[in-house]
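# Secondary and tertiary structure notes
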Amino acid sequence: MVKIAGKIFWILNSIVVFIKCGNFYTDSKLSSSIKFDKYFPKLKIGKNNKIGSCNFSFRGGGNISVGDFCDLDDGVLIRTYGGLISIGSNVSLNAYTFLHEGGGIYIGNNVRIASHVSIISANHIFNDINIPIKDQGETKIGITIEDDVWIGTGVKILDGVRIKRGTVVGAGAVVNRSLDEYSVYAGVPAKIIKKRSL
């Protein structure tokens, strides 16, 4: 009886997500406590995903796309400001990861992102000391994380960065420049520790 009730609840929740999103597959497992704000231009959820208690936030529009076989853990916050956040297939976003889109965020396939990671594709301009920082605008270059990347817990990834295929970023690193493929980085700011063997 409990199993049947759970299945009915999951189907009803999927219908609510369909009404809000308009684009999802019924074989994705969606938490009953997913949060959406009132602006909902477009969310696409692929097949066979596990999506926990996440918050999808659209401030000023934008689009979010999640591929297939992804795992988005509880507390994940994904926020657009008019652009695109594209998450590939077989990606894990662990608890309390924050994706803040300004210039676009593109995450490839087979990417592992640990808990408490911040990916921020906008940055304040602060060149002129005579103008308040809040009035100087922002850069919005975008962030790309290529396939088969592992991001350790607590990493901060800043605007304009490309993390190339097969790279590992150690826990707590601050990534403020693009990283080479098949390499291991750590530190503040992130520096290369070693190359991975091909």
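Residues numbered from 1 in each chain as written. Predicted model: local features only at pLDDT ≥ 70, side-chain atom pairs only at ≥ 80, totals over all residues. Heavy atoms only, no water.

### A short note on the overall build of the chain
Rules: By definition, any uninterrupted DSSP run of H or I lasting at least four residues is a helix, any uninterrupted run of E lasting at least two residues is a strand, and each is numbered from the N terminus. For every residue, the accessible area (1.4 Å probe, protein chains only) is compared with the maximum for its type, and the residue is labelled buried under 20%, exposed over 50%, or partly exposed between those bounds. The contact definition used throughout considers only heavy atoms, calling two residues in contact when any of these lie within 4.5 Å. Method for areas: the Shrake-Rupley scheme with a 1.4 Å probe, in which residue coverage is limited to the protein chains shown.
Within the chain one finds 1 helix and 24 strands. Taking all 198 residues of the chain together, the buried fraction comes to 42%. Restricting the contact set of the chain to residue pairs at least 6 apart, pairs at least 24 apart contribute 13%. Of the roughly 10,300 Å² of accessible surface on the chain, 57% is carried by carbon and sulfur atoms.

### Examining the environment of R162
Positionally, R162 belongs in strand 20 (residues 162-163). In this structure, the C-alpha to C-alpha distance between R162 and S178, residues 16 residues apart in sequence, is 4.6 Å. Not counting the four nearest positions on each side in its chain, R162 is found in contact with T144, E146, S178 and L179.

### Some points on the sheet that holds strand 17 (residues 143-145)
Stated formally: Whether two strands pair comes down to DSSP finding at least two bridges between them.
Strand order across the open sheet formed by 6 strands is 3-6-9-12-17-20, with parallel pairing between neighbours. Only two strands of the sheet have a single neighbouring strand rather than two, namely strand 3 (42-45) and strand 20.

### Comments concerning the side chain of T97
Our working definition: What qualifies as a polar contact is a pair of N or O atoms within 3.5 Å, subject to a donor-acceptor requirement within protein and to the restriction that residues adjacent in sequence count only when both atoms come from side chains.
Looking at the element boundaries, T97 is found in the loop between strand 10 (92-93) and strand 11 (98-100). Using a relative accessible area of 1% as the deciding quantity, one classes T97 as buried. For T97, the side chain forms a polar contact with the main-chain oxygen of N94, separated by 3.0 Å.

### Structural notes on the pattern of salt bridges
Basically, it comes down to this: Put simply, a salt bridge is a Lys or Arg side-chain nitrogen that is within 4 Å of an Asp or Glu carboxyl oxygen.
Taken as a whole and judged by the stated rule, the model has 5 salt bridges. Here R165 makes a salt bridge to D147, at a shortest N to O gap of 3.6 Å. Of the two residues, R165 is situated in the loop between strand 20 and strand 21 (168-169) and D147 in the loop between strand 17 and strand 18 (150-151); the sequence distance between them amounts to 18 residues. Exposure remark for R165: the relative accessible area of 35% places this residue in the partly exposed category.

### A closer look at unusual backbone geometry
Between V188 and P189 the backbone carries a cis peptide bond, its omega angle lying at -10°. Following the sequence through the fold, P189 ends up in the loop between strand 23 (183-186) and strand 24 (191-195). The backbone of F69 sits at a positive phi, close to 60°, despite the residue not being glycine. Within the secondary structure, F69 is located in the loop between strand 6 (63-66) and strand 7 (71-72). Here H116, not a glycine, exhibits a phi torsion of approximately 60°, which is positive.

### Observations concerning the pairing of strand 24
By the criterion of burial, strand 24 is predominantly exposed, with just 0 of the 5 residues buried. Summarising the sheet, strand 23 and strand 24 pair through 4 bridges and their orientation is antiparallel. By the bridge assignment, A186 is partnered in strand 24 with K191. Where strand 23 hands over to strand 24, the hairpin turn is made up of 4 residues, of which G187 adopts a positive phi near 105°.

### Digging into the environment of F69
Residues F69 and S89, spaced 20 residues apart in sequence, show a C-alpha to C-alpha distance of 5.9 Å. Those residues within four positions of F69 in sequence are excluded, and the remaining contacts are K47, N48, N49, N90 and V91.

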